[in-house]
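What follows is the residue order along each chain.
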Amino acid sequence: MPELNLSSAPAHLRHGSSIGQPLTRRDGLLKVKGQATYAADNHPPGMLFAVMAVSSIAHGRVTLLDVAAAKQHPGVVDVMTSDHKPQLAIDPEIKTNPFVFRMEVLQSNEVRYANQPIAVVIAETLEAATEGAVLLAPRYENLPALIGLDAGESFVPPVVGVGNPTENHRGDVEAGLASSAKQIDAIYETPPQYHNAMEPHAIVASWDGDNLSVDMPTQGLMLSLGRIAELFGIAPDKIHIRSPFLGGGFGSKGLMSGPPVLGIMAAKLVGKPVKLVLRREQMYGPVGHRAPTRQRLRIGADGEGSLTALDHHARTLSSTFDDFYEPAADASHTLYAAPAIRTSHDAVRVNTGTPLFMRAPGEATGSIALESAIDEMAWACGIDPLAFRLKNYAEVEPITGKPFSSKALRACYEQGAARFGWAKRPLQPRQMRDDAGLLVGWGMGTATFPALMFQAAARAAIRRDGSGVMEIGAHDMGQGAWTALAQIAADAVGLDIDRVEFKAGTSDLPDAGIAGGSAHTATAGAAIHSAGAAVIAKLADLATGDERSPLFGAGNAGVIARDGRLIRRDDESRSESYAEILARAGVAEVEARGTGAPNPAAMEEYAMHAHGAVFAEVKVDPDLGQVRVTRMVGAFAAGRIVNPHLVKSQLFGGMIWGMSFALHEEAITDRRSGRIMNANLGEYHIPVNADVPPLDVITVEEHDPHVNALGIKGVGEIGITGSAGAVANAVWHATGVRVRRFPIKIEELLTQL
Amino acid sequence: MKQFDYVRPATVAEAVAAAAQPGAVYLAAGTNLLDLMKGGVSRPDRLVDVTHLDGLDQIERLADGSARIGALVSNADLAHDADFARSYPAVAEALLSGASAQLRNAATVGGNLLQRTRCAYFYDTASRCNKREAGSGCDAREGENRGHAVLGWSESCIATHPSDFCVPLVALDAIVEIEGKNGRREIALDELHRLPGSSPERDSALEPGDLIVAVRLPPAARGFAAHARYLKVRERTSYAFAVVSGSAALRIENGKIAEARLALGGVAAKPWRARAAEDVLKGVTPTADAFQEAAWRALTDAKPSGDNAFKIELARRIVVRALTLAAAGTPARIPALPASPFASTSGAIHA
Ligand SMILES: Cc1cc2nc3c(=O)[nH]c(=O)nc-3n(C[C@H](O)[C@H](O)[C@H](O)COP(=O)(O)OP(=O)(O)OC[C@H]3O[C@@H](n4cnc5c(N)ncnc54)[C@H](O)[C@@H]3O)c2cc1C
Ligand code: SF4
């Protein structure tokens, strides 16, 4: 692969350190020129094209594939089926660790969901492979399919999300409800949703003997590497994965799924490099989705509007063969100070691809229900929704009683409300109209997302010429890791960002952990920070121990690294450049490693979350029921902001997704066949430009000494939470109609307007 | 992809000859046809590319006051033709409310008329669909059908025709000029699209090899320019097909409706001309009551084909609103959000 040429041009103004500066994306120029090489842009010599054939039934067995017909088609080289494929080293059904999900890689002729891969056609052209897949004309033994949240007996899964307890409680919910003056008991439904990253899942795989080269977008280089190694029975160091850019992942490219494994198998089968790219509709099955939920919220409040109890139950579903349970009810753990809280989940199994993490898993689904219910409760108590939330403000984490490591939510409420003009909101719904007679409504929601940390390592070096190197297998999914992490790296080694060679996005670099859980900047950033500190310490040892250095003897006082020089902390007139130190010591470079990891002691003591407040204005046609968001303000407190530009983009994106959740997004499943009937971006609606109103994001100052060394909380997912509920609540405020099934559809409003 | 022949005839006569054989289809901009081919819904043996035919890309004003639009005029060029938009504002508004700017730049007049239904079961080749495969059944009938027809449907097919463009066209009595094996003929647009009956596999009255060469708006169509609107309710502000749409055009003389034209989109397998409703409006004062009456008349025969009863009520309200907007007068400029209930919202800059 050609070296990445990340440019900082146009030159950035620097004021002091890099962290906190609104640098534009360093990969921006590459991207607008079409020079950023995404996985599917690779085309090694001799490469063949692989196309998956997928099942049209949701449950049963493939009984016949017309392999001969496919093979006869000009250009078709081979057809990989469950009877004709390279052997894997281990059974893909075995879950070797909790982050392994079962995948369909032609291990049998069984079909467990619609759009499951059932064969792979390999050909000289994409067109030939595509036609070959059609010519297979599969026949099936069709078995009854389980579809939807009422498909069968529900059960209580052992855990939800990633190892969260299925049930939690604090206090006596039933007593709290019994003693309350006002109660809400309502059911909210959220639909299945698909990640729909712009870039489809893609792989270009080539084998050279036992060495495997892979171009593939991944949010988890090391997890992918480990999974490929065990599936193919080769040592991890024989595998090289390049993933410099992802065209979005949102959780669907976090863990190894079946299709890229099929690409590697196909390359092995034909002994040539192979490219396999999913078609849009093929992304509705084997690469995860957000499961639908049906959530019941029972809330009690006393005569003053203080919560007495909060009971949140979520029904969700998983596949018939694996387990992922959307932890929707957990959204009620952190926000509102009810003396009694209970959250619980149950699930049914259906014939679907296994659901997965999708941007704010649990928080997004749970938040829209919780924020709607809180809004309903505020109305029942006759209290303004913001005043109600402030009245029930959690000073400690309600479910655990732990103090927060930091929580600037009050400031978010204040600043967001002021910017939005919330004070002028009439309490009653259906009070506001615009000049054209459209109903206007204002709603709000509270945003929250945990501040997580995973494990990461980084390698830093200072070179003879005084420049720096920072290496970490980090992932840029579009969020801006190439820029934000390079900023942290520059500060970590005390250099201008242009003097640091920042390497990321390949599997030969130190493990950056998974880019998920809104934890990548924090986790990778912490590793970079510590690697930088370590290499500077080595450099300082060289100088302070050498009597020829002006820093000789400064060991105890300490030195500061700034602009490529080490400077005596207690006497800034004494300094020496990195290049001078290395030249005199006669070494080509010094290097050191660092790690980032969660701090168990801090986690034990504190609840760690980012927070925010989102305010939305909608307009609704009073006769026709069409809804449009016309204004949104979000104020978020998420610890240290590494790059305000990129953070705003993340928050904008989240808010748009929230509005999408409330008004647009839904996978429509045929109730009989289990097929997704709108598996394309024409009919699976996400907001278009004309739907997106002026968005206003405020980042509220927050210093958190506990989350990690840099005080970073992460902003990738929080924007969805709060926003979806704010839009739904604004629709109610505009119309007086409370819709509890999302997305809000015209017919739900039409008959009640 | 299936192998197919591709021919690029130089003249209309050559095109008609090339398309006369079974398995041949015309290719215009391909924004619909190529999607159907990629999905295996349409598997032609021969594509007859008409985009290079001469003389089909003109917008002409004929001596008698008609407008004649060549079949290859792009949707965008037509909508942005100032004279055309002034004379037939509802048609321009409908065009601009369709698809996306990119698609409108490519899509042709002929292709828009003959675009196929968006019924998801028609697109899903694993489903039974009488339109795709005659006699196979209709999986939409008991399926996910909240978007399907409420007028003119049959047990064989409940699909709708998705075009926005066709709705004001049919209201304005547009005529389709066709070149076929036996030479030139013309039919009313209202006769072009077929209701499904027991043969939904036939979308239109065209015979194999028939080429649409132009669409004509008769002289009278111009008479509605002062009071003509298109209104389209959809699930997002732009880039979505209509849930239901309506076009209303009025000729108002001395405070009374001299003549009304009304058509609905997204409700049937064809753009739905509501003549009974037009009749009740003739000669009356444009009032809310009159429009309500018209709305009831327009939907008298409507019945749900599935989970879509709401479309009947929505259609009624659209009729009332479209008539109200038309009576209020055509705006000087097409709104930034064409045909949208939010057309009046300030701050909107594009759709
Ligand atoms: C994502 C998406 C969204 C869309 N949204 C909308 C919307 O909101 N409203 C709307 O109205 N439309 C919408 N469309 C449809 C769009 O308007 C049509 O695809 C387009 O008008 C077709 O024109 P074309 O020139 O590309 O036709 P083609 O795709 O080339 O042809 C379509 C059909 O017409 C036939 N044909 C074409 N020209 C002739 C001719 N001169 N004589 C005889 N037969 C001919 C072809 O054989 C083919 O069967 C959308 C399309 C897409 C893909
Ligand atoms: S409604 Fe018509 S187009 Fe849709 S599946 Fe039925 S027959 Fe086919």
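Residues numbered from 1 in each chain as written. Chains lettered and ligands numbered in written order. Predicted model: local features only at pLDDT ≥ 70, side-chain atom pairs only at ≥ 80, totals over all residues. Heavy atoms only, no water.

### Focus: the overall build of chain B
Heads up, the rule is: By the criteria applied, helices consist of DSSP H or I runs no shorter than four residues and strands consist of E runs no shorter than two, each listed in order from the N terminus. We compute the radius of gyration from the C-alpha atoms alone; for a globule the expected value is 2.2 Å times N to the 0.38, where N is the number of residues. The buried label goes to any residue with under 20% of its type's maximum accessible area, the exposed label to any with over 50%, and the partly exposed label to all in between, with areas taken from a 1.4 Å probe on protein chains only. Only heavy atoms matter for contacts: two residues are in contact if any of them lie within 4.5 Å across the pair. Computed by Shrake-Rupley with a 1.4 Å probe, the accessible areas treat only the displayed protein chains as cover when residues are assessed. Under this rule, positive means Lys or Arg and negative means Asp or Glu; His and the chain ends count for nothing. Every charge is mapped to an atom, namely NZ of Lys, CZ of Arg, CG of Asp or CD of Glu.
Summing up its helical and strand segments, chain B has 13 helices and 12 strands in all. Relative to the globule expectation of 20 Å for 351 residues, the C-alpha radius of gyration of chain B, 20 Å, shows essentially globular dimensions. Taking all 351 residues of chain B together, 59% fall into the buried category. A separation of at least 24 residues holds for 64% of the contacts in chain B among residues at least 6 apart in sequence. Split by element, the accessible area of chain B, about 13,500 Å² in all, is 50% carbon and sulfur. With 41 positive and 40 negative side-chain charges, chain B shows a separation of 3 Å between the mean positions of the two kinds.

### Thoughts on the interface of chain A and chain B
What counts, and what does not: Summed over both partners, buried area is the accessible surface (1.4 Å probe) that two parts give up on being assembled. Salt bridge, as used here: a side-chain nitrogen of Lys or Arg that lies within 4 Å of a carboxyl oxygen of Asp or Glu.
Facing the 43 residues of chain A at the interface are 44 residues of chain B. Carbon and sulfur atoms supply 53% of the area that chain A and chain B bury against each other, a total of about 3,600 Å² over both sides. Taken as a group, A:Leu624, A:Gln626 and A:Arg628 account for 18% of the area that chain A buries against chain B, more than any other trio of residues on that side. Where chain A packs against chain B, one counts eight salt bridges.

### Some remarks on a nonpolar patch on the surface
Residue and element names in this part refer to chain A. For clarity, the cut-off: What goes into a patch is any residue over 30% in relative accessible area without a salt bridge, connected to like charges within 9 Å or, for nonpolar side chains (Val, Leu, Ile, Met, Phe, Trp, Tyr), within 5 Å.
On the surface, Phe 99, Val 162 and Leu 223 cluster together into a nonpolar patch covering about 240 Å² of accessible area. Along the chain, the position of Phe 99 falls in the loop between strand 3 (76-80) and strand 4 (110-111). Classification of Phe 99 by relative accessible area gives partly exposed; the value is 37%.

### Details of helix 12 (residues 288-298) of chain B
Residue and element names in this part refer to chain B. For the record, the criterion: Note: the arc covers the axis-to-C-beta directions of the helix.
Listed as buried for helix 12 are Ala 290, Phe 291, Ala 294, Ala 295 and Ala 298. The arc enclosing the buried residues of helix 12, seen along the axis, measures out at 140 degrees, which places them on a common side. Contact partners of the buried residues in helix 12: strand 11 (256-265), strand 12 (272-273), helix 11 (275-281) and helix 13 (309-328).

### Section: the packing of aromatic side chains
Stated precisely, the cut-off is as follows: What counts as a ring pair is set by centres within 6.5 Å for rings of Phe, Tyr and Trp (its six-membered ring), and what kind of pair is set by the plane angle: stacked under 30 degrees, edge-to-face over 60, tilted for all other angles. Only lysine NZ and arginine CZ atoms are considered, and such an atom sits over a ring when it is within 6 Å of the ring centre and within 35 degrees of the ring normal.
By the definition in use, this model includes 20 aromatic pairs over all chains. Three or more aromatic residues joined by ring pairs form one cluster here, namely A:Tyr38, A:Phe245, A:Trp482 and A:Phe502. The side chain of A:Lys407 reaches across the aromatic face of A:Tyr393, ending 4.1 Å from its centre. For the cation-ring pair, B:Arg316 lies above B:Trp296, with the distance from its terminal atom to the ring centre recorded as 3.7 Å.

### Section: the packing of helix 10 (residues 481-492) of chain A against helix 11 (residues 520-544) of chain A
Relative orientation and spacing of two packed helices are given, respectively, by the angle between their axes and the distance between those axes. Residue and element names in this part refer to chain A. As a reminder, the rule being used: Between N-to-C directions, angles cover 0 to 180 degrees, with each direction set by a line fitted to C-alpha atoms, over the stretch in contact for helices. Each angle gets one of four labels, with under 35 degrees taken as roughly parallel, over 145 as roughly antiparallel, 65 to 115 as roughly perpendicular, and the rest as oblique. Each crossing gets its handedness from the near helix: less than a right angle anticlockwise from the far helix is left-handed, clockwise is right-handed.
Contact geometry of helix 10 with helix 11 gives a least axis separation of 8 Å together with a crossing angle of 20 degrees. Judged by the angle between their axes, helix 10 and helix 11 are roughly parallel. Every pair of crossing elements has a handedness; the one defined by helix 10 and helix 11 is right-handed. Where helix 10 approaches helix 11, its residues Leu 485, Ile 488, Ala 489 and Ala 492 are matched on the opposing element by Thr 521, Ala 524, Gly 525, Ile 528, His 529, Gly 532, Ala 533 and Ile 536.

### What about the site of ligand 1?
All names here are of chain B. Selection rule: Note on definitions. A residue lies near a molecule or strand when any single heavy atom of the residue is within 4 Å of it. Nitrogen and oxygen atoms within 3.5 Å of one another constitute a polar contact, given that in protein one can donate a hydrogen and the other can accept it, and given that sequence-neighbouring residues count only through two side-chain atoms. Per the annotation, domain bounds derive from an automatic or database assignment of domains.
Close contacts around ligand 1 come from 32 residues, with Tyr 26, Gly 30, Thr 31, Thr 108 and Asp 164 the closest. Within the side chain of Lys 232, one N or O atom sits 3.0 Å away from an oxygen atom of ligand 1. In isolation ligand 1 has 970 Å² of accessible area, and contact with the protein removes 93% of it. Among the secondary structure elements, those contributing two or more residues to the shell around ligand 1 are strand 2 (24-27), helix 2 (33-38), helix 7 (109-113) and strand 8 (211-217). In terms of domain composition, the shell around ligand 1 takes at least three residues from each of domain 1 (5-52) and domain 2 (222-328).

### A short note on the site of ligand 2
Convention followed: Classification used: nonpolar for Ala, Val, Leu, Ile, Met, Phe, Trp, Tyr, Cys and Pro, charged for Asp, Glu, Lys and Arg, polar for all others including Gly.
Neighbouring residues of ligand 2: 13 residues in total, closest B:Cys119, B:Cys129, B:Cys138, B:Cys157 and B:Ile158. Residues of the shell around ligand 2, tallied by class, amount to nine nonpolar, two polar and two charged.

### Here's the deal with the packing of helix 5 (residues 221-232) of chain A against helix 6 (residues 258-270) of chain A
Residues and elements named next belong to chain A. Orientation of helix 5 relative to helix 6, taken along the N-to-C sense of each, is 45 degrees, at an axis distance of 11 Å. With respect to helix 6, the element helix 5 is oriented oblique. The handedness of the crossing between helix 5 and helix 6 comes out as right-handed. Here helix 5 contributes Ile 228, Leu 231 and Phe 232 to the contact with helix 6, which in turn contributes Val 261, Ile 264, Met 265 and Lys 268. A class-by-class count of the residues in the contact of helix 5 with helix 6 yields six nonpolar, no polar and one charged.

### Here's the deal with the domain arrangement of chain B
Assigned domains of chain B: these are domain 1 (5-52) and domain 2 (222-328). Summarising the inter-unit geometry, the C-alpha centres of domain 1 of chain B and domain 2 of chain B are found 35 Å apart.

### Observations concerning the domain arrangement of chain A
In terms of domains, chain A is made up of domain 1 (40-144 + 196-283), domain 2 (151-192 + 290-400), domain 3 (402-452 + 600-753) and domain 4 (454-597). Taking the mean C-alpha position of each, domain 2 of chain A and domain 4 of chain A sit 44 Å from one another.

### Examining the pattern of salt bridges
The final tally for this structure, using the stated rule, is 82 salt bridges over all chains. Of the charged contacts, one joins A:Arg298 and A:Glu174 as a salt bridge, the two residues approaching to 2.5 Å between their closest N and O atoms. In this pair, A:Arg298 is assigned in strand 15 (residues 293-301) and A:Glu174 in helix 4 (residues 173-178), connecting sequence segments 124 residues apart. Given the relative accessible area of 37%, A:Glu174 is considered partly exposed. With a closest N to O distance of 3.0 Å, B:Glu259 and B:Arg261 form a salt bridge. We note that B:Glu259, like B:Arg261, is buried. Linked by salt bridges that have partners in common, A:Arg459, A:Arg463, A:Glu471, A:Glu501, A:Lys503, A:Glu589 and A:Glu591 make up one network.

### Brief notes about helix 10 of chain A
All names here are of chain A. Note the following rule: An expected span of 1.5 Å times one less than the residue number is assigned to each helix.
An ideal rise of 1.5 Å per residue puts 16 Å on 12 residues; helix 10 measures up with 15 Å between its terminal C-alpha atoms. Of all 12 residues in helix 10, 11 are buried, a share of seventy percent or more. Listed in full, the buried residues belonging to helix 10 are Ala 481, Trp 482, Thr 483, Ala 484, Leu 485, Ala 486, Gln 487, Ile 488, Ala 489, Ala 490 and Ala 492. In the core, the buried residues of helix 10 are packed alongside strand 21 (468-471), strand 22 (500-503), helix 11 and helix 14 (644-663). A positive backbone phi angle near 65 degrees is found at Gly 494, which sits one or two residues after helix 10.

### Section: the environment of A:Asp498
In this structure, A:Asp498 sits in the loop between helix 10 and strand 22. Considering only alpha carbons, one finds A:Asp498 and A:His703, 205 residues apart in sequence, at a separation of 28 Å.

### Structural notes on the sheet that holds strand 4 of chain A
Residues and elements named next belong to chain A. What counts, and what does not: Pairs of strands are assigned from DSSP output, requiring at least two bridges between the strands.
The three strands lie next to each other as 4-2-6, forming an open sheet whose pairing is antiparallel. Edge positions in the sheet fall to strand 4 and strand 6 (139-142), since each has one partner strand and no second. With four bridges connecting them, strand 2 (residues 60-64) and strand 6 associate as antiparallel partners. Paired with Arg 61 across the bridge in strand 6 is Glu 141.

### Remarks on the sheet that holds strand 13 (residues 239-242) of chain A
Residues and elements named next belong to chain A. Ordered in space as 3-5-1-14-11-12-13, the seven strands form an open sheet in which the pairing is mixed. Of all strands in the sheet, those bounded by a partner on one side alone are strand 3 and strand 13. The sheet shows a mean angle of 20 degrees between the axes of neighbouring strands, direction not considered. Of the strand pairs in this sheet, strand 3 and strand 5 (residues 117-123) are connected by four bridges, and their pairing is antiparallel. Note on strand 5: the bridge partner recorded for Met 80 is Val 120.

### A closer look at the pairing of strand 11 (residues 202-208) of chain A
The two faces of a sheet get side chains in turn, since along a regular strand they alternate between them. Residues and elements named next belong to chain A. Among the seven residues in strand 11, six count as buried, and that is most of the element. As paired elements, strand 11 and strand 14 (residues 274-277) share four bridges and run antiparallel to each other. For Ala 202, the partnering residue across the bridge sits in strand 14 and is Val 277. Sheet analysis places strand 11 next to strand 12 (residues 211-215), joined by five bridges and oriented antiparallel. Its bridge partner lying in strand 12, Ser 206 is registered against Ser 213. Here strand 11 hands over to strand 12 after two residues, with Gly 209 in that stretch at a positive phi of 60 degrees.

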